[in-house]
Amino acid sequence: MGELLRVTAAIARKDLKVEWRTKTAFVSSLVFAVLVLAVLYFARDKTSVGDYDLAPGALWVTFTFAGMLGLNRAFLLERENRALDGLRLTPTTPTALFLGKVVGNLVFLGVVELVSLPLFILFYDVPIWRQLPVLLGVVALATVGYVAVGTLLSAMVVRTRFSEVMLPVLLLPFLVPPIVSAVQLTWRILALRPLSEMTGWLSLLAAFDVIFFTLSLLLFEAILVE
Amino acid sequence: MDVVPGEALMLVGGNGAGKTTLLRLMAGLLKPNRGTIHYSGAVGMVAHHTMMYDALTARENLTFFGRLHGLPRDGRVDRLIDLLGLTHARDQRIATYSRGMLQRLAIARALLHEPDVLLLDEPLTGLDDAASHTVLDVIDELKRRGAALVIASHQLVELIGAVARVGYMVAGRLAALEPIAGLDAGGVVSRYRELVAGDG
């Protein structure tokens, strides 16, 4: 177990160090997030669409597509100089590699989300400070499932010629349950609805996380074999 | 085909003859359609690509791969960097390295965990004379230590003295596996031509 954690941490740390040096995906994701939030804000008719109606969708469209840029980068990095072969020549297990990539992607997306969230509050003027812990919990829950499936599919498409195009095409259908749940929960949180109205969506989100995290972990080894 | 501890075997063949594919199969990077590959101990490989990250320095790359191998932090990273003549550039990102420097670093990565089986695909590509001699010295040292080496290369003149047997690859098959038996580079090329002609 200690060995698994050590290797997982080494892989995640390496990915984050490379991203810190290049900032390729982070800057793209952030610029994208600001653009989406701004475009959706200015494109609507304020007299017919209220802040609370638009805000949950805007938030999750932003997170979903900004995160996609980071997920794409996760395995493109391993294609560079065939670094994935270097990893496979070490005793690193597919489980450790998958977990390392998931942790790296979670930290990456977490930072993008944390930077985007104040912009979201600013644009949509939603007083969420009191509900912030609950909202962060929902964001975390939705992000775990998203990143698990995204990491698996990112590894799958990286050997294809159009991996940047293939990832959204394959990933978006899987994201319907968690993103719809997250939008519904965000709307209820912003509208100060009672917890009893959220349990169904929370259960769906948690079930998605457990099922798809486990499936992604189990399928990852098969994807690594050329 | 077998390679015993302390032996170096060279694979020769034209472009597309299957040398790299055979090495990738031996390393476990490809799955064979049929047949089996057995080895004991750890495997290291030097390939056409460095298998490392451009945004990291030489020291960071080697330290990372050392961690994955579960190696202690005993200074071996710096020793290998020194041995392969990269001391002056150890803290530079490898994106700034020349072809020869990358090749030396790739060799350092392959030696990091002191492998029992070392697979070398064109190990002298891009190296100057001094670096080539260093690599040949490393090959000799590995043989003395009991490692088994398989080397695929077109650079017969430089490597012929380091190997005991030659495997001739023709059209994806091992056409012959023979002792060097006093052949020089020209003799190996002649023998290869005979086999290609026989195959056709």
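Residues numbered from 1 in each chain as written. Chains lettered and ligands numbered in written order. Predicted model: local features only at pLDDT ≥ 70, side-chain atom pairs only at ≥ 80, totals over all residues. Heavy atoms only, no water.

**Focus: empty space enclosed by the protein**
Here comes step 1: In this structure the tally under the stated criterion is 5 cavities of 30 Å³ or more.
Here comes step 2: Lining the largest cavity are Asp15, Leu16, Val18, Glu19, Ala25, Gly70, Arg73, Ala74, Leu77, Gly104, Asn105 and Phe108 of chain A.
Here comes step 3: Broken down by class, the residue content of the lining of the largest cavity amounts to 6 nonpolar, 3 polar and 3 charged.
Here comes step 4: What the second largest cavity holds in volume is close to 50 Å³.
Here comes step 5: Along its surface, the second largest cavity is lined by Gly86, Leu89 and Thr90 of chain A together with Val43, Gly44, Met45, Phe65, His69, Arg109 and His113 of chain B.
Here comes step 6: A total of 3 residues in the lining of the second largest cavity trace back to one element, the largest contributor, which is strand β2 (residues 43–46) of chain B. (1 Å grid on protein atoms, 1.4 Å probe; cavity = no way out; pocket = protein on both sides within 12 Å on 5 of 7 lines; lining within 4 Å. Points joined across faces, edges and corners; volume = space filled by probe spheres on them. Nonpolar A, V, L, I, M, F, W, Y, C, P; charged D, E, K, R; others polar. Helix = DSSP H or I, 4+ residues; strand = E, 2+ residues; numbered from the N terminus.)

**Observations regarding helix α2 (residues 58–68) of chain B**
Here comes step 1: Residues Ala58, Asn61, Leu62, Phe64, Phe65, Gly66 and Leu68 of chain B constitute the buried set of α2 of chain B.
Here comes step 2: Residues of α2 of chain B that are buried make contact with α1 (2–22) and α4 (83–88) of chain A together with α3 (76–83) and α4 (99–111) of chain B. (Buried < 20%, exposed > 50% of the residue type's maximum accessible area, 1.4 Å probe, protein only. Contact = heavy atoms within 4.5 Å.)

**Comments concerning unusual backbone geometry**
Trans is the prevailing form of peptide bonds, just as negative phi is the prevailing case for residues other than glycine.
Here comes step 1: Positive phi, close to 50°, is recorded for aspartate 125 of chain A, a residue that is not glycine.
Here comes step 2: Taking the relative accessible area as the measure of exposure, aspartate 125 of chain A reaches 58% and is therefore exposed.
Here comes step 3: Phi at glutamate 114 of chain B takes a positive value of approximately 50°, unusual for a residue other than glycine.
Here comes step 4: Looking at the secondary structure, you find glutamate 114 of chain B in the loop between α4 and β3 (117–121).

**What about the interface of chain A and chain B?**
As a measure of interface size, the accessible area lost when the parts come together is often cited.
Here comes step 1: Facing 26 residues of chain A, the contacting portion of chain B comprises 26 residues.
Here comes step 2: Summed over both partners, the interface of chain A with chain B buries about 2,400 Å², with 60% contributed by carbon and sulfur atoms.
Here comes step 3: The largest share of the area that chain A buries against chain B comes from Arg21, Asn81 and Leu89 of chain A, three residues that together contribute 29% of it.
Here comes step 4: In this assembly, chain A and chain B are joined by 3 salt bridges.
Here comes step 5: Residue glutamate 60 of chain B pairs with arginine 21 of chain A through a salt bridge whose shortest N-O separation is 2.6 Å.
Here comes step 6: Our count for the chain A to chain B interface comes out at 12 residue pairs in polar contact (both at pLDDT 80 or more).
Here comes step 7: Elements supplying a minimum of two residues to the side of chain A that touches chain B: α1, α3 (51–79) and α4 of chain A. (Buried area = accessible area lost by both parts, 1.4 Å probe. Salt bridge = Lys/Arg side-chain N within 4 Å of Asp/Glu carboxyl O. Polar contact = N/O pair within 3.5 Å; in protein donor to acceptor, adjacent residues only side chain to side chain.)

**Quick notes on the domain arrangement of chain B**
Residue and element names in this part refer to chain B.
Here comes step 1: For chain B, the domain assignment lists domain 1 (1–41 + 116–200) and domain 2 (53–113).
Here comes step 2: The C-alpha-based centres of domain 1 and domain 2 are spaced at 24 Å.
Here comes step 3: Residue-level contacts link 12 residues of domain 1 with 9 residues of domain 2.
Here comes step 4: Summed over both sides, the interface between domain 1 and domain 2 buries roughly 790 Å², with carbon and sulfur atoms accounting for 77% of that surface.
Here comes step 5: For the interface between domain 1 and domain 2, the tally reads 0 salt bridges.
Here comes step 6: In terms of residue count, helix α5 (residues 129–144) provides more of the side of domain 1 that touches domain 2 than any other element does, 5 residues in total.
Here comes step 7: Residues of the side of domain 1 that touches domain 2, tallied by class, amount to 8 nonpolar, 3 polar and 1 charged. (Domains from an automatic or database assignment.)

**A closer look at a nonpolar patch on the surface**
All names here are of chain A.
Here comes step 1: Judged by side-chain polarity, Val27, Val31, Leu35 and Val39 come together as a nonpolar surface patch covering roughly 340 Å² of accessible area.
Here comes step 2: Counting through the fold element by element, valine 31 comes out in helix α2 (residues 24–43).
Here comes step 3: For valine 31, a relative accessible area of 46% gives the class partly exposed. (Patch = residues over 30% accessible without salt bridge, like charges linked within 9 Å, V, L, I, M, F, W, Y side chains within 5 Å. Areas by Shrake-Rupley, 256 points an atom, 1.4 Å probe, with all protein chains shown as cover.)

**What to know about the layout of surface pockets**
Residue and element names in this part refer to chain B.
Here comes step 1: By volume, the largest pocket is sized at about 1,000 Å³.
Here comes step 2: Contributing to the lining of the largest pocket are 29 residues, with Leu22, Leu25, Met26, Thr36 and Ile37 lying nearest its centre.
Here comes step 3: For the lining of the largest pocket, the secondary-structure elements that each account for two or more residues are α1 (19–27), β3, β4 (148–152) and β6 (173–179).
Here comes step 4: Looking at the lining of the largest pocket, its residues break down into 15 nonpolar, 9 polar and 5 charged.

**Comments concerning the nonpolar core**
Across soluble globular proteins, nonpolar side chains show a tendency to be buried alongside one another.
Here comes step 1: Counting residues in hydrophobic clusters, the biggest one holds 120 residues, and the most contacted among them are Trp60, Phe120, Tyr124 and Leu171 of chain A together with Tyr53, Tyr97 and Ile139 of chain B.
Here comes step 2: Residue contributions to this core peak at 13 residues, all from helix α6 (residues 132–157) of chain A.
Here comes step 3: Two domains each provide a minimum of three residues to this core, namely domain 1 (1–41 + 116–200) and domain 2 (53–113) of chain B.
Here comes step 4: If you look at the next biggest cluster of nonpolar residues, it comprises 18 residues, including Ala17, Val43, Met51 and Ala152 of chain B. (Core = buried A, V, L, I, M, F, W, Y, C linked by side-chain atoms within 4.5 Å.)

**A look at the pattern of salt bridges**
Here comes step 1: Enumeration according to the criterion identifies 22 salt bridges over all chains in this entry.
Here comes step 2: One salt bridge in this structure joins aspartate 85 of chain A and arginine 24 of chain B, with 2.7 Å as the shortest N-O distance. Remark: arginine 24 of chain B occurs in helix α1 and aspartate 85 of chain A occurs in helix α4; the pair is interchain, linking two chains.
Here comes step 3: Looking at arginine 24 of chain B, the relative accessible area reads 9%, which means it is buried.
Here comes step 4: Salt-bridge contacts for arginine 165 of chain B lead to aspartate 2 of chain B; the nearest nitrogen and oxygen are separated by 3.9 Å. Placement of the pair is arginine 165 of chain B in strand β5 (residues 165–170) and aspartate 2 of chain B in the segment before β1 (8–12), with a sequence separation of 163 residues.
Here comes step 5: For arginine 165 of chain B, a relative accessible area of 17% translates into the label buried.
Here comes step 6: A residue is classified by how much of its surface remains accessible, and aspartate 2 of chain B, at 45% relative accessible area, is partly exposed.

**A word on the sheet that holds β2 of chain B**
Residue and element names in this part refer to chain B.
Here comes step 1: Taking strand neighbours across the sheet as the criterion, the 6 strands line up as β2-β3-β4-β1-β5-β6 in an open arrangement whose pairing is mixed. Strands with a single pairing partner mark the edges of an open sheet, and in this sheet they are β2 and β6. Each adjacent strand pair in this sheet contributes to an overall mean axis angle of 15°, direction not counted.
Here comes step 2: Judged from the 4 bridges that link them, β1 and β4 form a sheet pairing that is parallel. In the strand pairing of β4, alanine 8 is matched with leucine 149. (Pairing = 2+ DSSP bridges. Axes fitted to C-alpha atoms, helices over the stretch in contact; angles between N-to-C directions.)

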